[in-house]
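Residue strings, one per chain:
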Amino acid sequence: MTEQKRCKTKVKPYSCSSVADVYSETTGAFYSDQFCQTQTSRPHRELKSALMSLWFGKRSSVVRAEILLYRMRGLSNDHLSCCVNTLLQTLSATWELADLLEKWEAVDNSANSDNVPVQLKRVLAAMRSTLPEPAPHRDFLRCLDRNRVRLYTQHDADEVFLSILNFIQQQIDDKALAFEIQNLYKISVETHLQCLECSSVQTQTSYLLSLPVHIREDHNSLEACLTSFFEPQELRDINCCFCAQCGNKTPSKKGIKLLSLPRILCMHLKRFRNSRGFTQKLDCSVTFPKTFDFSETVQEAFSTNFAQDDCTYTLFAVVVHSGTASFGHYTAYVHHRMNQHWYYANDSHVKQVSWEDVQTSYGKPHRHTAYMLMYRRGLQNEEQQPELSG
Ligand SMILES: [Zn+2]
């Protein structure tokens, strides 16, 4: 990738609530607020009941209260790790990935500390537990560091995301499982290159693991960005391509068509742009839907060989970048699989939020802006969710 940006943790790391907080703040506003916001939901009715019991000294209820409160574990900011922390929250919300990794036992245990999928499996398992303190992820950070995703360095979230997927492909010793994990994200495409002088067409098939969506000031919705992405583009001057028929570089028209869409559809909003040696961040607003039907949104995006029926997608995670191209911070909005609530994960601090809060990441100058969007195929339906394996 040619685009680079610098992310520097500017916010003060939040302290994490602990078991002691549950005891010391039982009568405080913290719990009162929780009740006021969620009086109608079953988990919180249970929580209220558990805490009422706590008033009368029933210790077992404390444990139940903890379980209900800490449904998502935070991750401490360790050596500017907000980018990796944010990705881990989104990967944890991609329960299909953790389920696949759970099936796998590495044959060679000697190099486990350097093996990204081994360490990822461990940290995702830790994040599934209901303990109140941040999930231990130092081994994962050090493992990435040994694989050249350095500590003390500000990273680009999309680059690190693709690196992690590549490490899984390279380092997992069960190739069938590696293929299954790749298929989870694989967007198969065919690229058509038509010479504008002899009209011959070259077709190539390839795949992407996240869709790099260019944005412009006049594109204020994801749907408009996707339409633009699939519009044929003329390549002239220095962008001319070699035509085998003509025997030299000629102007051409390039188009991209979808051959298949994955279960997990990741889209990267390209908000960082190089201009005369400087990296700029595009803060413009780009709305994105909670659910959408790809086949209705961009009808011309599909190859005649596309054979899938269901092209509906539901949003489940948003990687957010706050700040400028030079200084910034990553956080995530994540939709919880079991209780169907949205959460905002800011390093060790995780709080429940509303869909309206998620929409604040559409973008405004100097505000936090959505940078990566993760959608799951199908319409959201709690009854259709498979059983948790962890
Ligand atoms: Zn030609």
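Rules of the game
Residues numbered from 1 in each chain as written. Predicted model: local features only at pLDDT ≥ 70, side-chain atom pairs only at ≥ 80, totals over all residues. Helix = DSSP H or I, 4+ residues; strand = E, 2+ residues; numbered from the N terminus. Buried ≥ 20, exposed ≤ 12 C-beta atoms within 10 Å, placed from the backbone. Contact = placed C-beta atoms within 7 Å. Pairing = 2+ DSSP bridges. Axes fitted to C-alpha atoms, helices over the stretch in contact; angles between N-to-C directions. Expected span 1.5 Å × (residues − 1). Arc of directions from axis to C-beta. Parallel < 35°, antiparallel > 145°, perpendicular 65-115°, else oblique. Left-handed = near helix turned anticlockwise from the far one by under 90°. Nonpolar A, V, L, I, M, F, W, Y, C, P; charged D, E, K, R; others polar. pLDDT = per-residue confidence, 0-100.

Caption draft 1: Quick peek at the overall build of the protein chain. The helix and strand tally for the protein chain stands at 13 helices and 16 strands. Taking all 390 residues of the protein chain together, 32% fall into the buried category. The long-range fraction of contacts in the protein chain, counting pairs at least 24 apart against all pairs at least 6 apart in sequence, stands at 69%.

Caption draft 2: Fine view of the sheet that holds strand 1 (residues 187-195). Taken in spatial order, the four strands of this open sheet run 2-1-7-4, and their pairing is antiparallel. With one partner strand each, in any of the chains shown, strand 2 (201-208) and strand 4 (233-235) form the two edges of the open sheet. Along the sheet, successive strands turn relative to each other by an average axial angle of 30 degrees, direction set aside. Bridge analysis of strand 4 against strand 7 (residues 252-260) gives three bridges, and the strand direction is antiparallel. Residue pairing across strands places Leu235 opposite Ser252, the latter belonging to strand 7.

Caption draft 3: Seen up close, helix 9 (residues 157-171). Between its first and last C-alpha atoms helix 9 spans 21 Å; for 15 residues at 1.5 Å apiece the expected length is 21 Å, and the two agree. Taken together, the buried positions of helix 9 are Ala157, Asp158, Phe161, Ile164, Leu165 and Ile168. Along the axis of helix 9, the buried positions cluster into a sector of 125 degrees, meaning they face one direction only.

Caption draft 4: Examining helix 5 (residues 82-93) more closely. Compared with the 16 Å implied by 1.5 Å per residue over twelve residues, the 17 Å span of helix 5 between its first and last C-alpha is a close match. Most of helix 5 is tucked away, with twelve of its twelve residues classed as buried. Taken as a whole, helix 5 has its buried residues at Cys82, Cys83, Val84, Asn85, Thr86, Leu87, Leu88, Gln89, Thr90, Leu91, Ser92 and Ala93.

Caption draft 5: Molecular detail of the pairing of strand 12 (residues 312-323). In terms of residue burial, strand 12 counts as a mostly covered element, since ten of its twelve residues are buried. Sheet analysis places strand 11 (residues 291-293) next to strand 12, joined by three bridges and oriented antiparallel. Residue pairing for strand 12: Thr291 is matched across the bridge by Thr314. Sheet analysis places strand 12 next to strand 16 (residues 369-377), joined by eight bridges and oriented antiparallel.

Caption draft 6: Structural view of the environment of Ser76. Looking at where Ser76 falls in the secondary structure, it is placed in the loop between helix 4 (59-69) and helix 5. According to the C-beta neighbour criterion, Ser76 is partly exposed, with 19 such atoms within 10 Å.

Caption draft 7: Structural view of the environment of Cys83. Among the structural elements, Cys83 can be located in helix 5. Sequence separation of Cys83 and Asp158 is 75 residues, and the distance between their C-alpha atoms is 9.5 Å.

Caption draft 8: Structural detail: the packing of helix 7 (residues 116-128) against helix 8 (residues 138-146). For the pair helix 7 and helix 8, the least separation of the axes is 9 Å and the interaxial angle reads 160 degrees. Put simply, helix 7 runs roughly antiparallel to helix 8. As helix 7 runs across helix 8, the sense of the crossing is left-handed. When helix 7 is examined against helix 8, the residues Val116, Gln119, Leu120, Arg122 and Val123 are found in contact with a partner set consisting of Asp139, Phe140, Cys143 and Leu144. Class assignment for the residues of the contact of helix 7 with helix 8 results in six nonpolar, one polar and two charged.

Caption draft 9: Region of interest: the packing of helix 6 (residues 95-102) against helix 10 (residues 175-185). As a packed pair, helix 6 and helix 10 sit with axes 10 Å apart at the nearest point and diverge in direction by 180 degrees. Classed by the angle they form, the pair helix 6 and helix 10 counts as roughly antiparallel. Together, Glu96, Leu97 and Leu100 of helix 6 and Leu177, Glu180, Ile181 and Leu184 of helix 10 make up the contact between the two elements. Among the residues forming the contact of helix 6 with helix 10, the class breakdown is five nonpolar, no polar and two charged.

Caption draft 10: Here's a closer look at the pairing of strand 10 (residues 278-281). As defined by bridge partners, strand 9 (residues 272-275) adjoins strand 10 across four bridges and the pair is classed as antiparallel. Paired with Phe272 across the two strands is Lys281, which belongs to strand 10. Linking strand 9 to strand 10, which pair antiparallel, is a turn of two residues; within it Arg276 sits at a positive phi near 50 degrees.

Caption draft 11: Geometry of the confidence of the model for the protein chain. Averaged over all residues, the pLDDT of the protein chain is 80; the fraction at 70 or higher stands at 79%. Summarising per-element confidence for the protein chain, the mean pLDDT is lowest in helix 2 (residues 29-37) (25) and highest in strand 16 (97). With pLDDT under 50 throughout, residues 50-57 is counted as low confidence; its partners more than four residues away or in other chains account for 13 contacts. Contacts of residues 382-390 to residues separated by more than four positions or lying in other chains number eight contacts, the stretch itself having pLDDT below 50.

Caption draft 12: Summary view of unusual backbone geometry. Positive phi outside glycine occurs at Arg148, with the angle close to 75 degrees. Within the element layout of this structure, Arg148 appears in the loop between helix 8 and helix 9. The phi angle at Gln340 is positive, at roughly 65 degrees, despite the residue not being glycine. With respect to the helices and strands, Gln340 occurs in the loop between strand 13 (328-335) and strand 14 (342-346).

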